[in-house]
Amino acid sequence: MSKEDLDKLMDDAERGANARLTIDLGAQEIKGPDGGVVKFDIDPFRKHCLMNGLDDVGLTLEKAAHIDEYEKKTATTRPWA
């Protein structure tokens, strides 16, 4: 984000209760109270986590089918483990 865009957002935020900033993560935009739009970049992995409400546990659970498959395979090939 450019310094100019950041200054604009800070100016909007200083309006107090009338300052409404809308963040659209999917579009990677911040809309100000005057209708102005500021684009921002975000790491694709972080965006995926935020859009899907994933924390470390949630990320692990996304792999549940692979984990189950591994555990079944291990139980038959290494029953002592």
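Residues numbered from 1 in each chain as written. Predicted model: local features only at pLDDT ≥ 70, side-chain atom pairs only at ≥ 80, totals over all residues. Heavy atoms only, no water.

Caption draft 1: Highlighting the sheet that holds strand S1 (residues 22-24). Taken in spatial order, the three strands make up an open sheet running S1-S2-S3, and their pairing is antiparallel. The sheet terminates laterally at S1 and strand S3 (37-39), the two strands that pair on one side only. Adjacent strand axes in the sheet meet at a mean angle of 20 degrees, parallel and antiparallel pairs treated alike. Where strand S2 (residues 29-31) and S3 come together, three bridges link them in antiparallel fashion. What sits directly across from Lys-31, in S3, is Val-37. (Pairing = 2+ DSSP bridges. Helix = DSSP H or I, 4+ residues; strand = E, 2+ residues; numbered from the N terminus. Axes fitted to C-alpha atoms, helices over the stretch in contact; angles between N-to-C directions.)

Caption draft 2: Local environment of a nonpolar patch on the surface. On the surface, Met-1, Leu-6 and Met-10 cluster together into a nonpolar patch covering about 310 Å² of accessible area. Along the chain, the position of Met-10 falls in helix H1 (residues 3-13). For Met-10, a relative accessible area of 46% translates into the label partly exposed. (Patch = residues over 30% accessible without salt bridge, like charges linked within 9 Å, V, L, I, M, F, W, Y side chains within 5 Å. Areas by Shrake-Rupley, 256 points an atom, 1.4 Å probe, with all protein chains shown as cover. Salt bridge = Lys/Arg side-chain N within 4 Å of Asp/Glu carboxyl O. Buried < 20%, exposed > 50% of the residue type's maximum accessible area, 1.4 Å probe, protein only.)

Caption draft 3: Molecular detail of the side chain of Asp-12. Of note, Asp-12 is situated in helix H1. In this structure Asp-12 touches Ala-19, Leu-21, Gly-32, Pro-33 and Asp-34, once residues within four positions along its chain are discounted. (Contact = heavy atoms within 4.5 Å.)

Caption draft 4: Representation of the nonpolar core within the structure. Judged by nonpolar contacts, Leu-9, Leu-25, Ile-30, Val-38 and Phe-40 together constitute the single largest core of five residues. Setting aside residues no more than four positions away along its own chain, Leu-25 makes contact with Phe-40, Ile-42, Lys-47, Leu-50 and Met-51. (Core = buried A, V, L, I, M, F, W, Y, C linked by side-chain atoms within 4.5 Å.)

Caption draft 5: Representation of unusual backbone geometry in the model. Phi at Gln-28 takes a positive value of approximately 55 degrees, unusual for a residue other than glycine. Among the structural elements, Gln-28 can be located in the loop between S1 and S2. On the basis of relative accessible area, Gln-28 is assigned to the buried category, the value being 18%.

Caption draft 6: Highlighting helix H2 (residues 44-52). At the N-terminal end of H2, a side-chain oxygen is found 3.1 Å from the backbone nitrogen of Phe-45, two or three residues along, and the residue is Asp-43. After H2 finishes, the residue Gly-53 shows a positive phi value of roughly 60 degrees. (Polar contact = N/O pair within 3.5 Å; in protein donor to acceptor, adjacent residues only side chain to side chain.)

Read these as geometric descriptors, not functional statements.
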